[in-house]
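Spelled out from the first residue to the last, the chains are:
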Amino acid sequence: MALIETASLTKDYGAVKALDRLDLQVESGIIGLVGANGAGKSTLIKILLGLIPPTAGRASVLGLDVVEQAPEIRKFVGYMPEHDCLPPDVSATEFVTHMARISGLPRSAARERTAEVLRHVGLYEERYRQIGGYSTGMKQRVKLAQALAHDPKLLLLDEPTNGLDPTGRDEMLDLIKRTGTDFGISVVVASHLLGEIEQVCTFLLAIDAGHLLKAAPISTFTQRTPVVAVEVEEGADRLTAALISRGFKATQEEQCVLLALEDEALYDAVRDTVADLGLPLVRVQQERRRLEDIFREAPPVAGGVQ
Amino acid sequence: MSATNPVAAGKPSGSIYDLGYRHYEGKRRGRLFAAWSLYVDSLRGIWGFGRPMSAKAAPFIIAGLYSFFAVIQLAFSSVISQSIKNGTATDIFTYGNYFSRLGFFLILFCVAQAPEVVCRDQRYQVLPLYFTRAMRRVDYALARLASLSTALFVALMVPMVALFVGDVLMGADAFAAMGTELPRALPAIPANLLTALSMASISLALSSYSPRRAYSAIGLLAYFLLMEAVPAIIYSVGQQAGWTWADKLVLTTPITSLGGATNWFFGIPLTSEFPSTLGADAYLVACVASVCLFTAVLLFRYRRISA
């Protein structure tokens, strides 16, 4: 049984097509859902939750239809929204217990689960304090905890690292990874940062303007050659020419020279060439591949775009 | 970033009894249980239980003020009972007229607490969390309505109980007095139930249209005061101008018509404050219609609200 399946799923917001005949079939695991802001990630998640109805097409989660069997789906799905969703005047314990009860857990079970998930997300003594006084990182943890409270089979996380500092971001990603691997819960993580998705996901869905760009295991993405950027204050054109003549694949982009990192000798060659030409070097950096690169390079998968 | 960092992994280093993640195998209840949980939580919230002390101030002070007069009458009942028996004095407050005279306090109660019930979830965007759980939008709205109705019913019944206790203690034989008092007091239950439902449905239907607590409160206060005053003014002008339709407008007032409906339950004649052309049953019908209308408005709001 596929975890998530959609067929010609379309969502129209008047003039804007948020999703355009999207066909998906995803198995369990940690699924990264990447796309720029406004690509349709949140719309897809909300349709899967039954919060908004699709304009056309079908979608199913855990083999259940999102329109007809939404109440059944909701028993087994946890949702962490992108926006703030916590009232400030209650404690994390009270709030998560309340949400667990709304999910159908009896009182004592709800209390027990709350203590457990708050410990898992890393909230200890502060869980008795009012949420209004929490840092952004702690609030994100509470948001994740409330989604986990009823032990769902599938977690839908919308931009879980929003507003977090680098440490908080890494901790959140680690939590997500543990949720997917140790807890055995399937996770869909929506994000506009490919770097994050790469760290934790096993499968990647890239969407852009409501179309599916690519759906593949993460390994097929990481196999591609990384890129080194060499930035100089002047003479980028001369550097490019010199490096090409040495047999490297170099392209110029304003003051940067982009090189395919095929072996480590590249760094020595760059050092020597820059020294020979006497160019003022600014930085040599292995580039994080940006989302746009995938979008530029990846040909649309078969069946993704009609 | 490191997957092996124990702090990042949410386990304090040195913890020896981490059982790891355990799945929940127990019972999962459905919609009714979810709605009941929300009802209980909401009712606690209205009275400020489980919230800071400041949240308890408004409901308890207002409900206390509403009951205050009955308690005063209870306190002095022994003093004045003799003169009541002699027929030289009558009770100022009775089961039937208590709400008509002091209903203003309950308007304040609604203005203070109804936005608390429905604006918080909109303001802090908690609604999506409810609507992605075992609960439907209708369940949410009805659970909230039931909780405010219950809170109002409690506030309405406290002075009734005080009056009842006072009247029973006044008699020489408490048991005999209870026997005669009880039939007189019982209509207070359906009358106050209708009052609670009517005020709660109006308050929540109107408050739910703004996520901002202050706007909701001001709008609600304006509605109650204007809907009391404007029909009354038109009616009194109409009496002189000879407008025969103006008396019907009194049926649209929230508090006056509830007073009329209360009279129907107690079977007591309407006072001169009410237009003589309408019977108490007209007010009863108007109040029931108002409950239906505003409940429908509330449900409509939650059917459409985006989450």
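Residues numbered from 1 in each chain as written. Chains lettered and ligands numbered in written order. Predicted model: local features only at pLDDT ≥ 70, side-chain atom pairs only at ≥ 80, totals over all residues. Heavy atoms only, no water.

This part is about the overall build of chain A. From N to C terminus, chain A includes eleven helices and 14 strands. In terms of principal-axis extent, the alpha carbons of chain A reach across some 75 × 50 × 35 Å. Long-range contacts, defined here as pairs at least 24 residues apart, represent 68% of the contacts in chain A between residues at least 6 apart. Accessible area for chain A stands at about 12,700 Å²; split by element, carbon and sulfur atoms hold 50% of it. (Helix = DSSP H or I, 4+ residues; strand = E, 2+ residues; numbered from the N terminus. Contact = heavy atoms within 4.5 Å. Areas by Shrake-Rupley, 256 points an atom, 1.4 Å probe, with all protein chains shown as cover.)

Further remarks concern the overall build of chain B. Secondary structure summary: chain B contains eleven helices and zero strands in total. Tracing chain B from N to C terminus, the helices and strands come up as α-α-α-α-α-α-α-α-α-α-α. Evaluated residue by residue, chain B yields a buried proportion of 47% over its 307 residues. Here the contacts in chain B between residues at least 6 apart in sequence split such that 75% fall between residues at least 24 apart. Carbon and sulfur atoms make up 68% of the accessible area of chain B, which totals about 14,900 Å². (Buried < 20%, exposed > 50% of the residue type's maximum accessible area, 1.4 Å probe, protein only.)

This part covers a nonpolar patch on the surface. Together, Ile233, Val237, Trp243 and Trp245 of chain B line one region of the surface with nonpolar side chains, adding up to about 410 Å² of accessible area. In this structure, Trp245 of chain B sits in the loop between α9 (213-241) and α10 (254-266). (Patch = residues over 30% accessible without salt bridge, like charges linked within 9 Å, V, L, I, M, F, W, Y side chains within 5 Å. Salt bridge = Lys/Arg side-chain N within 4 Å of Asp/Glu carboxyl O.)

Within the secondary structure, Met80 of chain A sits in strand β6 (residues 77-80). C-alpha of Met80 of chain A to C-alpha of Asp170 of chain A: the two residues are 90 residues apart in sequence and 18 Å apart in space.

This paragraph deals with the confidence of the model for chain A. Residue and element names in this part refer to chain A. Averaged over all residues, the pLDDT of chain A equals 86, while 92% of them reach at least 70. Per-element mean pLDDT across chain A ranges from 57 in helix α11 (residues 291-297) up to 95 in helix α3 (residues 92-102). Below a pLDDT of 50 lies the segment residues 298-306, which in the model reaches 16 contacts outside its immediate sequence neighbourhood of four places, other chains included. (pLDDT = per-residue confidence, 0-100.)

This next bit is on the packing of helix α6 (residues 137-170) of chain B against helix α8 (residues 188-207) of chain B. Residues and elements named next belong to chain B. Axis separation between α6 and α8 bottoms out at 8 Å; the angle between their running directions is 135°. Classified by the angle their axes make, α6 and α8 are oblique. As for the relative orientation of α6 and α8, their crossing is right-handed in sense. Side by side, α6 and α8 meet where Arg144, Leu145, Leu148, Ser149, Leu152, Phe153, Leu156, Met157 and Met160 of the first sit next to Ala188, Ile189, Asn192, Leu193, Thr195, Ala196, Leu197, Met199, Ala200, Ser201, Ser203 and Leu204 of the second. (Axes fitted to C-alpha atoms, helices over the stretch in contact; angles between N-to-C directions. Parallel < 35°, antiparallel > 145°, perpendicular 65-115°, else oblique. Left-handed = near helix turned anticlockwise from the far one by under 90°.)

Time to look at the environment of Phe224 of chain B. Residues and elements named next belong to chain B. Relative to the elements of secondary structure, Phe224 occurs in helix α9. What makes Phe224 buried here is its relative accessible area of 0%. Each C-alpha atom of the pair Phe224 and Pro275 lies 20 Å from the other, and the pair is 51 residues apart in sequence.

The side chains of a regular strand alternate, first on one face of the sheet and then on the other. Residue and element names in this part refer to chain A. Relative to strand β4 (residues 56-61), strand β1 (residues 4-13) runs antiparallel, the two sharing five bridges. Considered in β4, the bridge of Ile4 is made with Val61. Two elements, β4 and strand β5 (residues 64-65), share two bridges in a ladder whose sense is antiparallel. Considered in β5, the bridge of Ser60 is made with Asp65. (Pairing = 2+ DSSP bridges.)

As a further point, take the pattern of salt bridges. Residue and element names in this part refer to chain A. Here the structure, examined in full by the defined rule, presents 18 salt bridges over all chains. Close ionic contact of Asp65 with Arg58 constitutes a salt bridge, the shortest N to O distance being 3.1 Å. On the basis of relative accessible area, Asp65 is assigned to the buried category, the value being 8%. Classification of Arg58 as exposed rests on a relative accessible area of 52%. Here Asp272 ties to Arg271 by a salt bridge, and the two come within 3.1 Å at their closest N and O atoms. Owing to a relative accessible area of 28%, Asp272 belongs among the partly exposed residues under this scheme. Overall, the relative accessible area of 51% leaves Arg271 in the exposed class.

For the structure shown, the criterion picks out zero disulfides over all chains. Free of any disulfide, Cys287 of chain B has its nearest cysteine sulfur in Cys292 of chain B, 11 Å distant. (Disulfide = S-S within 2.5 Å.)

One pair of aromatic rings is described through two measures. These are the centre distance and the angle between the planes. What the rule picks out here adds up to 19 aromatic pairs over all chains. Aromatic ring contacts, followed pair by pair, group Tyr66, Phe68, Phe69, Phe93, Tyr98, Phe104 and Phe105 of chain B into a single cluster. Across the ring face of Phe76 of chain A, the terminal group of Lys153 of chain A is positioned such that the distance to the ring centre comes to 4.2 Å. Geometry around Tyr209 of chain B places Arg301 of chain B over its ring, the cationic atom sitting 4.9 Å from the centre. (Phe/Tyr/Trp six-rings, centres within 6.5 Å; stacked < 30°, edge-to-face > 60°. Lys NZ or Arg CZ within 6 Å of the ring centre and 35° of its normal.)

Residues and elements named next belong to chain B. Packing of α8 against helix α11 (residues 280-304) leaves a shortest axis separation of 8 Å and a crossing angle of 35°. Crossing of α8 against α11: the hand is left-handed. Contact residues: α8 offers Leu194, Leu197, Ser198, Ser201, Ile202, Leu204, Ala205 and Leu206, while α11 offers Leu284, Cys287, Val288, Ser290, Val291, Phe294, Thr295, Val297 and Leu298. Of the residues in the contact of α8 with α11, the class split is 13 nonpolar, four polar and no charged. (Nonpolar A, V, L, I, M, F, W, Y, C, P; charged D, E, K, R; others polar.)

Here we come to the interface of chain A and chain B. Counting residues at the interface gives 47 residues for chain A, matched by 41 residues for chain B. Counting the contacts that link chain A with chain B gives two salt bridges. The interface formed by chain A and chain B includes 17 residue pairs in polar contact (both at pLDDT 80 or more). Elements that contribute at least two residues to the side of chain A that touches chain B include exactly α1 (41-49), α2 (70-75), α3, α4 (107-120), α5 (136-148) and α6 (166-181) of chain A. If one sorts the elements of the side of chain A that touches chain B by residue count, α3 of chain A sits on top with six residues. In terms of residue class, the side of chain A that touches chain B is made up of 22 nonpolar, ten polar and 15 charged. (Polar contact = N/O pair within 3.5 Å; in protein donor to acceptor, adjacent residues only side chain to side chain.)

Another aspect to go through is unusual backbone geometry. The bulk of non-glycine residues show a negative phi, and the bulk of peptide bonds are trans. One non-glycine residue, Glu159 of chain A, lies in the positive phi region at around 50°. Checked against the element boundaries, Glu159 of chain A lands in the loop between β7 (154-158) and α6.

A few words now on the sheet that holds strand β9 (residues 203-208) of chain A. All names here are of chain A. The sheet built from six strands is open, its strands ordered β6-β7-β8-β3-β9-β10 with mixed pairing. Strands with a single pairing partner mark the edges of an open sheet, and in this sheet they are β6 and β10 (211-217). Neighbour-to-neighbour, the strand axes of this sheet turn through a mean angle of 15°, independent of strand direction. Strand direction decides the pairing type here: β7 and strand β8 (residues 186-191), joined by five bridges, are parallel. Looking across to β8, one finds that Leu154 is bridged to Ser186.

All names here are of chain B. Here chain B averages 87 in pLDDT, while 88% of its residues score no lower than 70. Scored below 50 in pLDDT, residues 1-11 makes 21 contacts in the model with residues more than four places away or belonging to other chains. This prediction of the complex comes with two scores: 0.83 for pTM and 0.84 for ipTM.

With that settled, consider the sheet that holds strand β2 (residues 16-26) of chain A. The antiparallel open sheet is built from four strands, whose spatial order is β2-β1-β4-β5 (chain A). The strands lining the two open edges of the sheet, one partner per strand, are β2 and β5 of chain A.

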